[in-house]
Amino acid sequence: FNKSHAAAYALVSYHTAYLKANYREEFLAASMTLDMGNTDKLAMFAGEVRKSGITVKPPCVNMSDVDFLAEPPKKGEKHGAIRYSMAALKNIGASAVETIVAERRENGPFKDLSDFAARLNPKALNKRGLETLSAAGAFDAFESNRAAVNGNVDQIMALANRLATNKAEGTSDLFGGSGGGAAKLDIRPVKAWTPMEKLNEEFAAIGFFLSGHPLDEY
């Protein structure tokens, strides 16, 4: 093997081995970001993360970014965590995630589903994208019943479109007061998914099982 290549590859191997040994969360988060479009690689990295004792946290509209993020360990914990990227989900582009993150940084975290809908740019994120976010658990901080969010994406989009139209026309919202944030969603009750249904929906949104596996009980 060519000596110049051998020397260069050895140096790169040393550098990456050092980073992985001493900054494991950051190294793995960066590796997952690099292969964001490769589901098989992401599944492999997720397995590597778990073997290292690091938690892979589901995507979250208030915590996730375009990239995978390394979160520092909490007090008393040895390892930190990796927050799953929203842009790595199926049916969602990086530009849509950038819009959500920009809104969050400018006006603070989303308080609940109504607040998210009121501040959502309906041109940036469509119904299919909302269904993917809900199936992946991105709204778990607001509503633990993912089926309820998934079954009410039409209401979320309707509120977002109505408020966006009112804003463009300079009119107030008749159904939620004078401020967009005061508008409330009319959520219809939806039966929660079974554990297996939840995992299957998660698999469809992410590309692999993240929060568990159908064979875990065995």
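I will try to describe carefully the structure that is included in this document.

Calculation criteria
- Residues numbered from 1 in each chain as written.
- Predicted model: local features only at pLDDT ≥ 70, side-chain atom pairs only at ≥ 80, totals over all residues.
- Heavy atoms only, no water.
- Helix = DSSP H or I, 4+ residues; strand = E, 2+ residues; numbered from the N terminus.
- Buried < 20%, exposed > 50% of the residue type's maximum accessible area, 1.4 Å probe, protein only.
- Contact = heavy atoms within 4.5 Å.
- Areas by Shrake-Rupley, 256 points an atom, 1.4 Å probe, with all protein chains shown as cover.
- Phe/Tyr/Trp six-rings, centres within 6.5 Å; stacked < 30°, edge-to-face > 60°.
- Axes fitted to C-alpha atoms, helices over the stretch in contact; angles between N-to-C directions.
- Parallel < 35°, antiparallel > 145°, perpendicular 65-115°, else oblique.
- Left-handed = near helix turned anticlockwise from the far one by under 90°.
- Nonpolar A, V, L, I, M, F, W, Y, C, P; charged D, E, K, R; others polar.
- Polar contact = N/O pair within 3.5 Å; in protein donor to acceptor, adjacent residues only side chain to side chain.
- Patch = residues over 30% accessible without salt bridge, like charges linked within 9 Å, V, L, I, M, F, W, Y side chains within 5 Å.
- Salt bridge = Lys/Arg side-chain N within 4 Å of Asp/Glu carboxyl O.
- Core = buried A, V, L, I, M, F, W, Y, C linked by side-chain atoms within 4.5 Å.
- Pairing = 2+ DSSP bridges.

1. Topic: the overall build of the chain
And step 1. The secondary structure content of the chain amounts to nine helices and three strands.
And step 2. Sequence-ordered secondary structure for the chain, helices as α and strands as β, is α-α-α-β-β-β-α-α-α-α-α-α.
And step 3. Overall, the C-alpha framework of the chain stretches about 75 × 45 × 35 Å when taken along its three principal axes.
And step 4. Residue burial in the chain is summarised as follows: out of 218 residues, 41% are buried.
And step 5. In the chain, 62% of the contacts between residues at least 6 apart in sequence involve partners at least 24 apart.
And step 6. Looking at the chain as shown, the accessible area adds up to about 12400 Å², and 54% of this sits on carbon and sulfur atoms.

2. Some details on the packing of aromatic side chains
And step 1. By the definition in use, this model includes six aromatic pairs.
And step 2. Summarising the aromatic geometry, the rings of Phe203 and Phe209 are spaced 4.8 Å apart at their centres and angled 45° between planes, so their arrangement reads as tilted.
And step 3. Put simply, the rings of Phe110, Phe116, Phe139 and Phe142 touch in pairs and so form one group of aromatic residues.

3. Quick notes on unusual backbone geometry
And step 1. The phi torsion at Asn91 lies on the positive side, around 70°, for a residue other than glycine.
And step 2. Among the structural elements, Asn91 can be located in the loop between strand E3 (81-83) and helix H4 (94-107).

4. Let's talk about the packing of helix H6 (residues 127-136) against helix H8 (residues 153-169)
And step 1. Close contact between H6 and H8 brings their axes to 10 Å; oriented N to C, the two are set at 130°. Between H6 and H8, the interaxial angle falls into the category oblique. The handedness of the crossing between H6 and H8 comes out as right-handed. Every residue of H8 that contacts H6 at Lys127, Leu130 and Glu131 is listed here: Val153, Asp154, Ile156 and Met157.
And step 2. For the contact of H6 with H8, the per-class residue count stands at four nonpolar, no polar and three charged.

5. Comments concerning the environment of Asp35
And step 1. Here Asp35 shows up in the loop between helix H2 (24-34) and helix H3 (39-51).
And step 2. In this structure the C-alpha to C-alpha distance between Asp35 and Phe110, which are 75 residues apart in sequence, comes to 29 Å.
And step 3. Setting aside residues up to four positions removed in sequence, Asp35 forms contacts with Lys41, Leu42 and Phe45.

6. Comments concerning the side chain of Glu202
And step 1. Looking at the secondary structure, you find Glu202 in helix H9 (residues 195-206).
And step 2. Residue class for Glu202 comes out buried when judged on its relative accessible area of 1%.
And step 3. For Glu202, the side chain forms a polar contact with the side chain of Arg146, separated by 3.1 Å.
And step 4. Contacts of Glu202, omitting those with residues within four sequence positions, involve Ala135, Arg146, Gly207, Phe208, Phe209, Leu210, Ser211 and Gly212.

7. Digging into a nonpolar patch on the surface
And step 1. There is a patch of nonpolar side chains on the surface, built from Tyr14, Tyr18, Leu19 and Tyr23 and spanning about 450 Å² of accessible area.
And step 2. Assignment of secondary structure puts Tyr18 in helix H1 (residues 3-22).

8. Remarks on the pattern of salt bridges
And step 1. All chains considered together, the criterion is met by eleven salt bridges.
And step 2. Put simply, Asp65 and Arg105 hold a salt bridge, and the shortest N to O gap is 2.6 Å. Taken together, the residues span a long stretch of sequence, with Asp65 in the loop between strand E1 (55-57) and strand E2 (69-71) and Arg105 in helix H4 at a distance of 40 residues.
And step 3. Between Arg119 and Glu103 there is a salt bridge, and its shortest N-O distance comes to 2.7 Å. Taken together, the residues Arg119 in helix H5 (residues 113-119) and Glu103 in helix H4 connect sequence positions 16 residues apart.

9. Let's talk about the nonpolar core
And step 1. Of all hydrophobic cores here, the largest spans 50 residues; its most connected members are Phe68, Tyr84, Phe116, Leu130 and Leu133.
And step 2. Mapped by element, the contributors of at least two residues to this core are H2, H3, H4, H5, H6, H8 and H9.
And step 3. Element by element, the count of residues in this core is highest for H8, at six residues.
And step 4. When residues no more than four places from it in sequence are discounted, the contact partners of Phe116 are Val61, Ile100, Phe110, Leu125, Leu130 and Phe139.

10. Digging into the sheet that holds E3
And step 1. Reading across the sheet, the three strands line up as E1-E3-E2 and stay open at both edges, with mixed pairing between neighbours. Unpaired on one side and paired on the other, E1 and E2 mark the two borders of the sheet. Here the strands of the sheet are splayed against their neighbours by 30° on average, with no regard to which way each runs.
And step 2. Alignment of E2 against E3, held across three bridges, turns out to be antiparallel. Within E3, the position partnered with Leu69 by the bridge is Arg83.
And step 3. The strands that H2 touches are E2 and E3; relative to E3, the one it contacts most, it runs at about 25°.

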